[in-house]
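A look at the structure
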Amino acid sequence: MKFYSIRGGVHPNYRKDLTSERPIVAMPLPERLFIPLQQHIGAPAEALVEAGDRVRKGQLIARSQGVVSAPKHAPTSGVIEAVSPLTAPHPSGLAQATIILVPDGKDEWASLPDPIAEPFDALPAAICERVAQAGIVGLGGAAFPSAVKLGLGRQHRLEILLINGAECEPYLTCDDRLMRERAKEIIDGARLMAHALGVPRVIVAVEANKPQAIESMTRAAEHFAEVSVIAVPVQYPTGSAHHLVLALTGRETPAAKRTADVGVVVHNVATARAVQQAIRHGRPLTHRVVTVSGGAMRAPNNIEAPIGAPVGSLVDFCGGFSTPPRRLVNGGPMMGEPLASLDVPVVKGTTGILALTAEEVGEQPASPCIRCGSCISVCPCGLSPVELAALIRRDRIDVAGKLGVMDCMACGSCAWACPSHLPLVQYFNYAKGRLNAEALAQRKIERTRTLVEAHNLRQEKAVAASQAVAAARKTSQPRLQATEVVE
Amino acid sequence: MLIDVGSLTIMGVALGGLLGTAARFLAVEEDPLEEELKAMLPGSQCGQCGHVGCAQAAAALARGEAPVTLCPPGGKAVAEALAKKLGISADLSEHTEKAAEFAYIDEDLCIGCTRCLKECSVDAILGANKLMHTVIAEACHGCGKCALVCPTEGIVMRPLPQTIALWHWPKPDISH
């Protein structure tokens, strides 16, 4: 197969060997599960339970609000302790409405919806509906509601379903292990998704540094002519959906568009497995595989954790820290975000928990830019980080916006390559946040103006109506007098 | 010599007369800049800038008598747009933006007088005579007119809560 080269990219130290040979293990239930109502892109779910309610495993505890949203299900049986705001697994450290579930240890299943008997004869819409009901979101980290992406076949001409098993982030091995251990389920899920999308071809892309995963996936896919498993060259950030599509098809996704616009839909391997579980067994998404790794972790591992388990309980399960970590990261070391505390829960989009030593973090003070241009040559999005950062530093955010800062996907290649250790990604995150905030403010002003206009129109109408009534009374009064005269 | 002076005088009088008539008959009723500026303001006539309404504020802006930062509900977005329109390079880094607020009705104090209802220019207050009122927080733009007319001081302006959806990364703090 021909590969199209992607521009830029870097080759960080992968360190996947810390956990790549550790099979997925289930962890004991923690004392409490903390299930945030928003774990996905879109509108938060609405809680359906309150303190004191008994719930069973797989029971719906929060329903989705709107199309781009996802419901939540109880990962085990137990009693709801409260629904209250708690610190979210988010760099802001702000609170968010969270359902607190105290497991009763029985792990009793609720009555689940029946499996779809002949899914390949079912309507695509039925598959999408089941995926939406199961609360499945993109498990590669972005957590976009999967049912929405499976419905893209209605608006776009699609040709390929790309199952993303690249896992290009260093340290993370959760997808690698899943492909080794649950290959059949993933391939089945991928074929079901292809049916929902109405695409004739499925490509499973795995980075060449995972030979066992490639082998097991190839074996699982050998009876299905439409599915091909492809080893892609090892290069960060090949696992980015846009870049994977570019590498395999040569089609570049335009700025601010989706890969569906070039005929490809990309789903993560773990998402494919979750879809398979929902269709074949009626099981909602209540658990996910999380890589717990890093030099400061005593016994790194791949854990199948219930959604809502506090990060601290996973760390304890891995024997705690061997040395105090310099930094705790939610996700991979390149694109992950700092963890606010060990009390925040694992959510649907949590791919990894890393406890990194000072040596691994390699923190160094920033020094002035020497204009070497390394950042430009490694940027996979074709941006000029040096120029953007200089503009953003002087708060010329609008100019940075025109130069495409919104196309930055925060992969971190520029900051990784920068010999001056400039916090380039932080600059871009700040600029993107500012531009989004400005767009929001502008929308609010426009909305206010619309409301004011509607208000004024209504008042004018009310005045006109009262005048009309007054006029009508004036003309009707003489007639009344006339009738009186007749009587 | 006489002809030169005469012809110039005649030309001067004729052209001057023409310009004078044109100025009278082709006069623009309103400053077009004023209209454009008015369209940029939220138009809720809240009066927080000290002018009677947005039209008056736009007029003051066009005359250069008011700063571009005059509109609290419009915030930084409006200030920047106005500065761009007027060709002023306003230093907005010094401009401390008033934190976005929304009106909140204390239900124990509300007597259902409907005064705030009549004052609200965006119909963000819901209620009826002798019935509890409440504010639709998403529609409220924080002008605070309702709080001024409330006879029981039952309306307070609260800052909009910081949420994850609105949060963004701060600017990196390095010197170079």
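Source: prediction; values computed, not measured.

Concerning the environment of Ala 241 of chain A
All names here are of chain A. Along the chain, the position of Ala 241 falls in helix α6 (residues 241-249). For the pair Ala 241 and Val 266, spaced 25 residues apart in sequence, the C-alpha separation works out to 6.2 Å. Non-local contacts of Ala 241, meaning those with residues more than four positions away in its chain, are made with Asn 164, Thr 259 and Val 266.

Some thoughts on the UniProt feature "binding site: [4Fe-4S] cluster 3" (unreviewed entry) in chain B
Residue and element names in this part refer to chain B. This chain's UniProt record puts "binding site: [4Fe-4S] cluster 3" (unreviewed entry) on Cys 120, Cys 140, Cys 143 and Cys 146. Across 27 residues, the annotated set stays spatially compact, with a maximum C-alpha separation of 10.6 Å. Considering the arrangement of structural elements, one finds Cys 140 in the loop between β3 (134-135) and α6 (145-149). Apart from residues no more than four positions distant in its own chain, Cys 140 is found in contact with Phe 102, Ala 103, Ala 124 and Val 135. Inspection of the secondary structure puts Cys 146 in helix α6. On the basis of neighbour count, Cys 146 is assigned to the buried category, with 24 C-beta atoms found within 10 Å. Among residues more than four places away in sequence, those in contact with Cys 146 are Ala 103, Cys 116, Glu 119, Cys 120, Ile 125 and Ile 155.

Some remarks on the sheet that holds strand β4 (residues 54-55) of chain A
Residues and elements named next belong to chain A. Taken in spatial order, the 4 strands make up an open sheet running β2-β8-β7-β4, and their pairing is antiparallel. For this open sheet the edge positions go to β2 (33-36) and β4, each flanked by a neighbour on one side alone. Relative to strand β8 (residues 95-103), β2 runs antiparallel, the two sharing 4 bridges. Bridge assignment links Pro 36 to a residue of β8, and that residue is Thr 98.

Quick look at the domain arrangement of chain B
Residues and elements named next belong to chain B. Splitting chain B by domain gives domain 1 (32-86) and domain 2 (101-159). Placing the centre of domain 1 and that of domain 2 at their C-alpha centroids yields a distance of 25 Å. Listed per partner, the contact involves 6 residues of domain 1 and 7 residues of domain 2. Of the residues contributing to the side of domain 1 that touches domain 2, the split by class is 3 nonpolar, 3 polar and no charged.

So, the UniProt feature "binding site: [4Fe-4S] cluster 2" (unreviewed entry) in chain B
All names here are of chain B. The UniProt record annotates "binding site: [4Fe-4S] cluster 2" (unreviewed entry) at Cys 110, Cys 113, Cys 116 and Cys 150. Over a stretch of 41 residues, the named residues converge on one spot in the fold, their C-alpha atoms separated by at most 10.4 Å. Considering the arrangement of structural elements, one finds Cys 110 in the loop between β1 (101-105) and α5 (115-119). Ignoring sequence-local partners within four residues, the contact set of Cys 110 consists of Ile 105, Met 132, His 133 and Gly 154. Tracing the chain through its elements places Cys 116 in helix α5. Setting aside anything within four residues of it in sequence, one finds Cys 116 in contact with Ile 125, His 133, Cys 146, Val 149, Cys 150 and Ile 155.

Details of the environment of Val 55 of chain A
All names here are of chain A. Its place among the elements puts Val 55 in strand β4. Assessed through the 24 C-beta atoms surrounding it within 10 Å, Val 55 is described here as buried. Once the C-alpha coordinates of Val 55 and His 73 are considered, the two residues, 18 residues apart in sequence, prove to be 9.4 Å apart. Residues in contact with Val 55, not counting those within four places in the same chain, are Val 49, Ile 61, Ala 74, Ser 77, Gly 78, Ile 80 and Leu 101.

Some points on the pairing of strand β13 (residues 287-293) of chain A
All names here are of chain A. Taken across its 7 residues, β13 has 7 buried, putting it largely inside the fold. Residue alternation in β13 divides its side chains into two sets, His 287, Val 289, Thr 291 and Ser 293 and Arg 288, Val 290 and Val 292, and both sets are buried. Both β13 and strand β14 (residues 301-306) contribute to a ladder of 6 bridges, which runs antiparallel. Note on β14: the bridge partner recorded for Arg 288 is Ala 305. Across 3 bridges, β13 lies against strand β17 (residues 352-356) in parallel orientation. Counted as the bridge partner of Val 292 is Ile 353 from β17.

Describing the domain arrangement of chain A
Residue and element names in this part refer to chain A. As far as domains go, chain A holds domain 1 (16-21 + 120-288) and domain 2 (366-487). Each of domain 1 and domain 2 has a C-alpha centre, and these two points are 35 Å apart. The partner domain 2 presents 7 residues to the 6 residues of domain 1 that form the contact. For the side of domain 1 that touches domain 2, the residue count by class is 4 nonpolar, 2 polar and no charged.

Quick word on the interface of chain B and chain A
Contact residues are listed per partner, giving 24 residues for chain B and 27 residues for chain A. Class assignment of the residues belonging to the side of chain B that touches chain A gives a composition of 11 nonpolar, 11 polar and 2 charged.

Quick notes on the environment of Arg 22 of chain A
All names here are of chain A. Checked against the element boundaries, Arg 22 lands in the segment before β1 (24-26). Remark: the alpha-carbon pair of Arg 22 and Thr 291, spanning 269 residues in sequence, is separated by 9.7 Å. Leave out the neighbours within four places in its chain, and Arg 22 touches Pro 300, Asn 301 and Asn 302.

About the cut-offs
Residues numbered from 1 in each chain as written. Chains lettered and ligands numbered in written order. Predicted model: local features only at pLDDT ≥ 70, side-chain atom pairs only at ≥ 80, totals over all residues. Helix = DSSP H or I, 4+ residues; strand = E, 2+ residues; numbered from the N terminus. Contact = placed C-beta atoms within 7 Å. UniProt positions renumbered as here; feature names shortened; annotations may be inferred. Buried ≥ 20, exposed ≤ 12 C-beta atoms within 10 Å, placed from the backbone. Pairing = 2+ DSSP bridges. Domains from an automatic or database assignment. Nonpolar A, V, L, I, M, F, W, Y, C, P; charged D, E, K, R; others polar.

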